[in-house]
Amino acid sequence: MALNRTSVILCALLASSFFMMLKNTRRSSTPYGAFLHSISACKTNSDLFPGTLEEKSWEPAGCTLAEYTADMTAECLEAVPYLAIGDTIGEQVVAHMAGDLRRAGLGGDDVPMRLVWTPSTRVPHFESDRSGRNQREFMTKVAEFATLSLGEWDLGVHWCGTDEFYDGLKALVLKYKALLKPGARLAMYNMDYINPDKCRESSVWCRTCNTIGKVAVYREIVQMVAVCTGTGMIDTYPITRAGRNHSTDGLHYTSEVVKPKADVLLNVMCGTDGAGSNKLGLWYPNIECNEAEAKARWRRDPVANAHSKGCPDNTNEFGCPNDNGAAARRYLDHKAAEARQKAEEAAKNVGVQTNETSAPQEEVAGTDLPLCKTNEDLFPGKLHDFQWVPEKCRLKFYTKQEIAQCLERKPFAAIGDSLGEQFVLYLRRAGVSMSAKFVQSASVQWDSLTLSSKKTGYQDFTDYVTKEVEYAVLSFGIWDIGVHWCGVEDFYHKLKAKILKYRSMLKPSAEMVLHNLHYINTEKSAESWVKDCNPHAKLVVYREMVQMAAACTGTKMINTFPLTLEGSEHTRDGVHYNDSVVKPKVNILMNMMCGADGEGGDRLEPWVPPMECNEEAAMERWLAVPEANRFSRGCPDFLNEFGCSNDGGDALRRYTDRREAGKKKEERAKGVTRENGAQQEEVTSAELPLCKK
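The present account deals with the structure reproduced in this document. (Residues numbered from 1 in each chain as written. Predicted model: local features only at pLDDT ≥ 70, side-chain atom pairs only at ≥ 80, totals over all residues. Heavy atoms only, no water.)

**Describing the overall build of the protein**
Stage number 1. When its secondary structure is counted, the protein shows 26 helices and 14 strands.
Stage number 2. Taking all 693 residues of the protein together, 53% fall into the buried category.
Stage number 3. The long-range share in the protein, meaning contacts at least 24 apart out of those at least 6 apart in sequence, stands at 77%.
Stage number 4. Accessible area of the protein: about 31000 Å², with a carbon and sulfur share of 52%. (Helix = DSSP H or I, 4+ residues; strand = E, 2+ residues; numbered from the N terminus. Buried < 20%, exposed > 50% of the residue type's maximum accessible area, 1.4 Å probe, protein only. Contact = heavy atoms within 4.5 Å. Areas by Shrake-Rupley, 256 points an atom, 1.4 Å probe, with all protein chains shown as cover.)

Below, the structure is given as structure tokens:
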């Protein structure tokens, strides 16, 4: 009996050890691991499904998918330079692989991988990345493998109908095939799973614009384009469906899902060993190219051919030729009727008029107060009816007509990140954006000098900035404080250089003010890293750095921090605010630009920071604040894509090490380490029958 029990335990231990070795070997890059892959490696994209998502890996039911290490990723991309074209489906994979390359010691211009940001078939932007850098040379001479991912924007905010999307996507596929060098391969990503239940609470349009039925039709459109252009596909829909709870906003996924997606791509490009063995074959949909019949079927689908009720009225800015903008107009009419109804109901409750040309501020503050003279005079105060009402002075309330007249006299540019962008977006919604442009340079790390705008399809604004602009607002810091963090010294010196550069670009008569960082309400964000990357102490230091840069360059400022603090509940993500806050900010800007009479009289003076230019003492003080001098614990490791010269990436490596140590500690606490798993199998297997062979 004792002998039998001993035999059972030995058999169990041997079985447990073998299966643990098999599982670990499947994930290794050892010769034995490669041997296993050569026997049972998945051959095509279709072989990957069904499967299960486990610990940032996809485990197909009938074959193995090699998991790539950082070194394997680097080896693959050095052999097969990669170009991702399109929207965030491909961009998220690029961001993950960029992290692997940094861990393998590659960075900067040496990275054999590029992104061409073309998020929609409606955006006339075919060769540049997000920061406006042209990637034509890499596309036409270097890239060996490229992917195209489109559909999420065209499905919702850039919707122009199924016919328009099909024709536009097909044209883009043929365009990029012609641009790539001979021998380079192009594959199309099919659309991922969109999880409406994970849409942020305040993003109603996310749920209403992205219904399951609409996604199904648009996935079929992408497949038909692939078939009719002879293009192979990568489909990771089942992976995103299995990992739907790892979505941050219903559309984008965490590394739990992005890592397996990257593994699929790398297996397609470089096989199971990173060197070209056993490459995973692309998917070729089993349908015939019958465009006429398919288009007729898609047109009959009511879900796919309606600009869903609830989609934002300010995002579909394209004149869609298939309906001449009828869908957008219907939606605008619907929103206008809703707004009128709400305004009338609110007026009945509080007994005030709803005419926008009235001055709600005067009802609260009275007309006997003097006009506000400087930015400092505005505070303290309070938010009331989409306006900021100072306690000690009056601020002119600008109507839409007066805003348009001001901008006609003084063409305006917002340069930098979304603090300034929100000015322009509000003006666009108000219909007075003809002389107001946003030029995107979201971080001091970006080397693009305002010459293009993301929201307008990366148009070249060089002439507008240098010849037309009379008033410009610079805003930097939101990205640099968190996801593009490179240290206080790096931020300060690059911010100062940006200020001087932009001033030199503007014509001599133009005025320029620097926007200080506003309040960041981390409790209102749906993403945990926003809270971790933006501690209050860090925000205080970065605000002081912006002020010092203004003082040392002789630049005046616009400061709306108290306004955003007062309206901190009117943010959807902790960083960006709705019109309850943005409209008062625009009104303050108009008073600075055109004054209390709208023609330049009694202008509100910008803020002049009450400090001397003493960079050396200030830098010593900033460097002593721990929160401001580390890549905050919790910031996504794949987002800081810049090789920060000040620390050689040490901060990022320290953070990664801390995170890995934390995971191991958590595993030990839960008792789910491999050793515990093996012990558990040893105990439970005692009830199994005796091994015969």
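**Remarks on the packing of aromatic side chains**
Stage number 1. Evaluated as defined, the whole model comprises 11 aromatic pairs.
Stage number 2. Judged by centre distance (5.7 Å) and plane angle (45°), the ring pair of Tyr166 and Trp298 falls under tilted. With Tyr166 in helix 7 (residues 162–179) and Trp298 in helix 12 (residues 291–300), the pair connects residues that are 132 residues apart, well separated along the chain.
Stage number 3. Residue Trp298 is classed as buried on the basis of its relative accessible area of 2%.
Stage number 4. Where Tyr492 meets Trp622, the ring centres are 5.5 Å apart and the plane angle is 45°; that geometry is what we call tilted. One end of the pair, Tyr492, is in helix 19 (residues 488–505); the other, Trp622, is in helix 24 (residues 615–623), and 130 residues separate them in sequence. Comparing Tyr492 with Trp622, the two get one shared label, buried.
Stage number 5. The ring of Tyr189 is capped by Lys261, whose NZ or CZ atom sits 5.9 Å from the centre of that ring. (Phe/Tyr/Trp six-rings, centres within 6.5 Å; stacked < 30°, edge-to-face > 60°. Lys NZ or Arg CZ within 6 Å of the ring centre and 35° of its normal.)

**Regarding the environment of Glu408**
Stage number 1. Mapping Glu408 onto the fold places it in helix 15 (residues 400–409).
Stage number 2. Residue classification places Glu408 among the exposed positions, given a relative accessible area of 66%.
Stage number 3. Along the backbone, Glu408 and Ser435 are 27 residues apart, and their C-alpha atoms lie at a distance of 6.4 Å.

**A look at the sheet that holds strand 10 (residues 412–416)**
Stage number 1. Read across the open sheet, the 5 strands follow the order 11-10-12-13-14; overall the sheet is parallel. Where the open sheet ends on each side, the last strands, each with one partner, are strand 11 (436–440) and strand 14 (556–558). For this sheet the average axis-to-axis angle between neighbouring strands, irrespective of direction, equals 30°.
Stage number 2. Helix 16 (residues 418–429) contacts strand 10, strand 11, strand 12 (471–475), strand 13 (511–515) and strand 14 of the sheet and is inclined by roughly 145° relative to strand 10. (Pairing = 2+ DSSP bridges. Axes fitted to C-alpha atoms, helices over the stretch in contact; angles between N-to-C directions.)

**A word on the sheet that holds strand 5 (residues 145–149)**
Stage number 1. Read across the sheet, 5 strands follow the order 4-3-5-6-7 without closing on themselves; strand pairing throughout is parallel. Single-partner strands in this sheet number two, and they are strand 4 (113–117) and strand 7 (233–234).
Stage number 2. Judged from the 2 bridges that link them, strand 6 (residues 185–189) and strand 7 form a sheet pairing that is parallel. When the bridges of strand 7 are listed, Met188 appears paired with Met233.
Stage number 3. Sheet strands touched by helix 9 (residues 212–229): strand 6 and strand 7. Its angle to strand 6, the strand with the most contacts, is close to 160°.

**Description of the side chain of Asp87**
Stage number 1. Structurally, Asp87 is set in the loop between strand 3 (82–86) and helix 4 (88–103).
Stage number 2. Summary of buried charges: Asp87 has no salt-bridge partner, and the nearest side chain of opposite charge, Lys261, is 8.0 Å away.
Stage number 3. Setting aside residues up to four positions removed in sequence, Asp87 forms contacts with Trp117, Thr118, Pro119, Ser149, Leu150, Gly151 and Glu152. (Lys, Arg positive; Asp, Glu negative; His and termini not counted. Salt bridge = Lys/Arg side-chain N within 4 Å of Asp/Glu carboxyl O.)

**Quick word on helix 11 (residues 255–270)**
Stage number 1. Relative to the 22 Å expected for 16 residues at 1.5 Å per residue, helix 11 spans 21 Å between its end C-alpha atoms, a close match to the ideal helical length.
Stage number 2. Remark: Gly271 follows helix 11 within two positions and exhibits a positive phi of approximately 75°. (Expected span 1.5 Å × (residues − 1).)

**Focus: the pairing of strand 5**
Stage number 1. Counted residue by residue, strand 5 has 5 buried out of 5 residues, so it is predominantly covered.
Stage number 2. Burial of the side chains of strand 5 extends over both faces: Phe145, Thr147 and Ser149 are buried on one face and Ala146 and Leu148 on the other.
Stage number 3. Pairing analysis gives 5 bridges linking strand 3 to strand 5, with the strands arranged parallel. From the neighbouring strand, Leu83 faces strand 5, where its bridge partner is Ala146.
Stage number 4. Where strand 5 meets strand 6, 4 bridges bridge the pair, whose relative direction is parallel. Along strand 6, the bridge assignment pairs Leu148 with Met188.

**What to know about the pattern of salt bridges**
Stage number 1. All chains considered together, the criterion is met by 21 salt bridges.
Stage number 2. Residue Asp463 pairs with Lys467 through a salt bridge whose shortest N-O separation is 3.7 Å. With Asp463 and Lys467 both in helix 17 (residues 462–468), this residue pair falls 4 residues apart, about one helical turn.
Stage number 3. The class of Asp463 is partly exposed, set by a relative accessible area of 47%.
Stage number 4. Exposure remark for Lys467: the relative accessible area of 55% places this residue in the exposed category.
Stage number 5. One network of salt bridges, in which partners are shared, links Glu220, Glu293 and Arg297.

**Looking at helix 7**
Stage number 1. The first and last C-alpha atoms of helix 7 sit 26 Å apart over 18 residues, in line with the 26 Å expected at 1.5 Å per residue.
Stage number 2. Those residues of helix 7 not exposed but buried are Thr162, Glu164, Phe165, Tyr166, Gly168, Leu169, Leu172, Val173, Tyr176 and Leu179.

**Notes on the state of the cysteines**
Stage number 1. A full pass over the atoms with the stated rule returns 6 disulfides.
Stage number 2. Sulfur-sulfur distance for the disulfide between Cys42 and Cys63 comes to 1.9 Å. One quick way to see it: the torsion about the S-S bond of Cys42 and Cys63 is about 90°, and its sign makes the bridge right-handed. Pair noted here: Cys42 is in the loop between helix 2 (31–40) and strand 1 (51–54) and Cys63 is in the loop between strand 2 (57–60) and helix 3 (70–79), with a separation of 21 residues, a long-range link. In this pair, the class of Cys42 matches that of Cys63, namely buried.
Stage number 3. Disulfide pairing places Cys372 opposite Cys393 at an S-S distance of 2.0 Å. Across the disulfide from Cys372 to Cys393, rotation about the S-S bond amounts to roughly 90°, and the bridge is consequently right-handed. Of this pair, Cys372 sits in the loop between helix 14 (360–365) and strand 8 (381–384) while Cys393 sits in the loop between strand 9 (387–390) and helix 15, placing them 21 residues apart in sequence.
Stage number 4. With relative accessibility at 6%, the residue Cys372 sits in the buried group. (Disulfide = S-S within 2.5 Å.)

**Re the environment of Lys181**
Stage number 1. Note on placement: Lys181 falls in the loop between helix 7 and strand 6.
Stage number 2. In the structure, Lys181 is positioned 40 residues away from Lys141 in sequence and 5.8 Å away in space, judged by C-alpha atoms.
Stage number 3. With near-sequence residues (within four places) excluded, Lys181 lies in contact with Met139, Thr140, Lys141, Val142, Ala143 and Glu144.
Stage number 4. A polar contact is formed between the side chain of Lys181 and the side chain of Glu144, at a distance of 2.7 Å. (Polar contact = N/O pair within 3.5 Å; in protein donor to acceptor, adjacent residues only side chain to side chain.)

**Focus on unusual backbone geometry**
Peptide bonds are trans in most cases, and residues, glycine excluded, mostly fall at negative phi.
Stage number 1. Following Phe49, the chain continues into Pro50 via a peptide bond in cis, with omega recorded as 5°.
Stage number 2. Assignment of secondary structure puts Pro50 in the loop between helix 2 and strand 1.
Stage number 3. Looking along the chain, the bond that leaves Phe379 and enters Pro380 is cis, with omega of 5°.
Stage number 4. Of note, Asn278 is a non-glycine position whose phi angle comes to about 55°, a positive value.
Stage number 5. Classification of Asn278 by relative accessible area gives partly exposed; the value is 36%.
Stage number 6. Even without being a glycine, Phe386 presents a positive backbone phi close to 65°.
Stage number 7. Take Phe386: it is sitting in the loop between strand 8 and strand 9.
Stage number 8. A relative accessible area of 37% means that Phe386 is categorised as partly exposed.

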